[in-house]
Every structure is written in C-alpha cells, then in structure tokens.
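Letter by letter, the chains look like this.
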2 protein chains.
Amino acid sequence: METVEKLTKTLRNHGMKITPQRLMIFKILENNTSHPSAEQVFKRVKKIYPTVSFTTIYKTLETLRDLGEVQELIIDEDRKHYDPNTDTHHHVICSNCKKILDVFEDFSQHVKLPDTLKKDYTVSGFQISFHGICKDCN
Amino acid sequence: METVEKLTKTLRNHGMKITPQRLMIFKILENNTSHPSAEQVFKRVKKIYPTVSFTTIYKTLETLRDLGEVQELIIDEDRKHYDPNTDTHHHVICSNCKKILDVFEDFSQHVKLPDTLKKDYTVSGFQISFHGICKDCN
DNA sequence: CATTATCTAACAATCATTATTATTTAAATT
DNA sequence: AATTTAAATAATAATGATTGTTAGATAATG
C-alpha cells in the first residue's frame, strides 16, 4: 500500500513537485480500499481545496498511474476507478451499484495463458473480475 | 456462437423487427472472433448501407446485449468491445494495439470467490483479462 | 530571494455513448 | 394487395468522462 511518504519520495525522485493538492490526493489514496473514481477523489479534495480543478485530479492520477503507483481499474463500464494497492490482487464488482471489493487470493498457480497463445502474447499479468450483486443491492 | 438464424429467431420471439440493417449486423457478428468495437461494426455496415446511423449500431448492440446474445467486454480502457460468443471464456489483450484474443480454458475449478466474501456478494461469474504485448507490437 | 521549470485552474475540446424525435418501414391485419 | 400500427431508422442534439491548451501561480533549488 502506497503511503504519502512513498508517493512524495517517488515524485521527488522524478523531478516532480509536491503541491498541497497532490499531497491531499496522496492522503486520500493512502490506505484507501474504496476504489474511488476520479470524481470521488475530486469531491473529497474539493472539501479542503474548494478551488481545485478536475484537471488537477486527472493529471495527478495519470501521473501516479504512469509511475506505477496506482492501478487503473477497467471494470466499471461507466468510469475508471483507482486503486493505490499495486500488489497483485483481484476484484468483485456489484453489477447494480458498482461497488468494488478486493479479492486477495493468489490464483497464479492455476491461471496461466494456454501454451497455444504463449507464442502470440508476452503476458505481464492478469486481472480477475468477479461479477455479482452485493448484499446491499438485493 | 450465435448465428444469423438464431439472432433472427430471438428478436422475432421478442416482438422485434428484422430490418436489413440488423441482418447486416447479425452477419458481421456471426463467427466473428475479432471482438469489434461499435465503430468497427459501424464501418462494416456502412460499406453496404452508406446511410446507416451510428445510433442504429449502438441500439442493436444494446438490444443484443440485453437479450444475452452478445457479451460486452470491458477490457479496453478506451471503448467497449462486443463478443458474439456468449459461452464462458476469457481474453488476452495487447496493451499497445488493444487486439483481443479468446482464451478458451475452464478455470472455474480453481477460481472462486473467497468464502469471506461469499456473504457479501452473490457472484454470477468471473472474467479473466490477461494483459501483455502481442507479437506484432514488440 | 531570485530563478526556473513545473503545476494549477480555467476553459475548451474530444470522443464514446445515449437521448430525442420526426420519418420510415416490417409485418400483422384486413 | 392495401391498410394499419408498433417499432426501427436516421439525423441530430445532448451527455458525461476524459484530455488538451495556456496563462498565471508556485515549489524547489541554488
């Protein structure tokens, strides 16, 4: 799990500046297991910095993604979600409310690309998305 | 794999009309393993029906998805893709060119939602997305 | 504290997708 | 075969998430 300190250090190491807005975003992401969308991050930052721009949120999340510090989740058909936990893990999403929970189980021993496709793709990893209905929605 | 005949029958059974545009879309989807986006379907239909509207493509794909006749793939961050193969299977996508191939292997014996989450979600299925670089891109 | 490269905020633009609506048409009925 | 009608099409506008642009602001360094 990425901490404010680690994110700060990583950005500094890449010649990037640590602004109050960015620090706020780091704080929101630290220990965050809610898989927020850009808008959800925006709304929370806005409470502290009412003048913050949506662009700043998008740009910072893009930066963190490019640095490998957050995972961009393509699982909700409507919008991207962000996960500060970059360790390999999986997700379950509610088809109704789109709530996402983590699935920490190592399937790597059993889930492998079939040999017939190994010559066509150099695989860097895999993502399992469980789909269902959460208990709040049924 | 859904055939033109099956799709025609299904729509008829639901009181829907079989138009030339729809038949063309059915034909394009039949035996199609290229996981086209709506735009790719649109372009192919347009060659035969130059006046076809993008809306028609979207509406028809939505209809087919709602009837369970095509699978909507949320795997490419930029756009949705459509798969007429509704049997359970998985995919590998090239992070560079976004080419998607099918992965026909049954992982269901090993991939299950952990017991700790079973009380929170009623799971209907899962989707595995392998990520990598295809041989054309490296 | 002065410099400078980067970042922010505001705004416009883009792109995929969806909504609206008047017109057309498939197909059931006469 | 003509009529009817519910549904589909095409054209268009609208939406909503995301990205691009740019002028001014600011973090970080010496």
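Residues numbered from 1 in each chain as written. Chains lettered and ligands numbered in written order. Predicted model: local features only at pLDDT ≥ 70, side-chain atom pairs only at ≥ 80, totals over all residues. Heavy atoms only, no water.

Draft legend 1. Local environment of the overall build of chain A. Across its full length, chain A carries 5 helices and 5 strands. Each helix and strand of chain A, ordered N terminal to C terminal, gives the series α-α-α-α-β-β-β-β-α-β. Counting across all 138 residues of chain A, residues that qualify as buried make up 43%. Here the analysis covers contacts within chain A between residues at least 6 apart in sequence; of these, 48% occur between residues at least 24 apart. Carbon and sulfur atoms form 49% of the exposed surface of chain A, whose accessible area is close to 7500 Å². (Helix = DSSP H or I, 4+ residues; strand = E, 2+ residues; numbered from the N terminus. Buried < 20%, exposed > 50% of the residue type's maximum accessible area, 1.4 Å probe, protein only. Contact = heavy atoms within 4.5 Å. Areas by Shrake-Rupley, 256 points an atom, 1.4 Å probe, with all protein chains shown as cover.)

Draft legend 2. Region of the structure containing the side chain of B:H89. Residue and element names in this part refer to chain B. Along the polypeptide, H89 turns up in the loop between β2 (81-83) and β3 (90-94). In terms of polar contacts, H89 uses its side chain to reach the side chain of H91, at 3.1 Å. Reaching out from H89, the side chain makes a polar contact with the side chain of D102 at a distance of 3.0 Å. (Polar contact = N/O pair within 3.5 Å; in protein donor to acceptor, adjacent residues only side chain to side chain.)

Draft legend 3. Expanded view of the pairing of strand β4 (residues 100-103) of chain A. All names here are of chain A. Where strand β3 (residues 90-94) and β4 come together, 4 bridges link them in antiparallel fashion. Residue pairing across strands places I93 opposite I100, the latter belonging to β4. Where β3 folds back onto β4 in an antiparallel hairpin, the turn is made up of 5 residues, including K98, whose phi is positive at roughly 70°. (Pairing = 2+ DSSP bridges.)

Draft legend 4. Inspection of the relation of the copies chain B and chain A at higher detail. Overlaying chain B with chain A gives an RMSD of 0.1 Å, the required rotation being 180° about an axis along which the chain moves by 0.0 Å. Here the two chains are linked by the operation of a two-fold rotation axis. Identified as the residue of chain B closest to the rotation axis by C-alpha distance is B:I128, at 2.2 Å. Comparing interface residues between copies, 100% of those in chain B also sit at the interface in chain A, which points to an isologous, same-surface contact. (Least-squares fit on C-alpha atoms with pLDDT ≥ 70 in both.)

Draft legend 5. Expanded view of helix α1 (residues 4-13) of chain B. Residues and elements named next belong to chain B. Buried within α1 we find V4, L7, T8, T10 and L11. The arc that holds the buried residues of α1, viewed along the axis, is 165°, so those residues lie on one side. The exposed set on the far side of α1, more than 90 degrees from its buried face, consists of E5, K9, R12 and N13. Tucked inside the fold, the buried residues of α1 contact α2 (20-29) and α4 (54-66). (Arc of directions from axis to C-beta.)

Draft legend 6. View of the interface of chain B and chain A. Each side of the interface is counted separately: chain B has 41 residues, and chain A has 41 residues. Across the chain B to chain A interface the summed buried area is about 3200 Å²; carbon plus sulfur atoms make up 60%. Three residues, B:E77, B:Y121 and B:F130, lead the burial of chain B against chain A; their summed loss comes to 19% of the area buried on that side. A salt bridge links B:K135 to A:D120; its shortest N-O distance comes to 3.1 Å. Within the residue set of the side of chain B that touches chain A, elements represented by two or more residues are β3, β4 (100-103) and β5 (121-134) of chain B. (Buried area = accessible area lost by both parts, 1.4 Å probe. Salt bridge = Lys/Arg side-chain N within 4 Å of Asp/Glu carboxyl O.)

Draft legend 7. Expanded view of the nonpolar core. With 24 residues, the main nonpolar core has A:V111, A:I128, A:F130, B:V111, B:I128 and B:F130 as its most contacted residues. Excluding anything up to four places from it in sequence, B:F130 contacts A:V111, A:K112, A:L113, A:V123, A:G125, A:F126, B:H91, B:V92, B:I93, B:V103 and B:F107. (Core = buried A, V, L, I, M, F, W, Y, C linked by side-chain atoms within 4.5 Å.)

Draft legend 8. Region of the structure containing the domain arrangement of chain A. Residues and elements named next belong to chain A. Looking at the assigned domains, one finds that chain A contains domain 1 (4-82) and domain 2 (88-132). Averaged C-alpha coordinates put domain 1 and domain 2 at centres separated by 24 Å. Counting residues at the interface gives 9 residues for domain 1, matched by 9 residues for domain 2. Considering only the surface of domain 1 that becomes buried against domain 2, H35, Q71 and I75 emerge as the three largest contributors, covering 62% of it. (Domains from an automatic or database assignment.)

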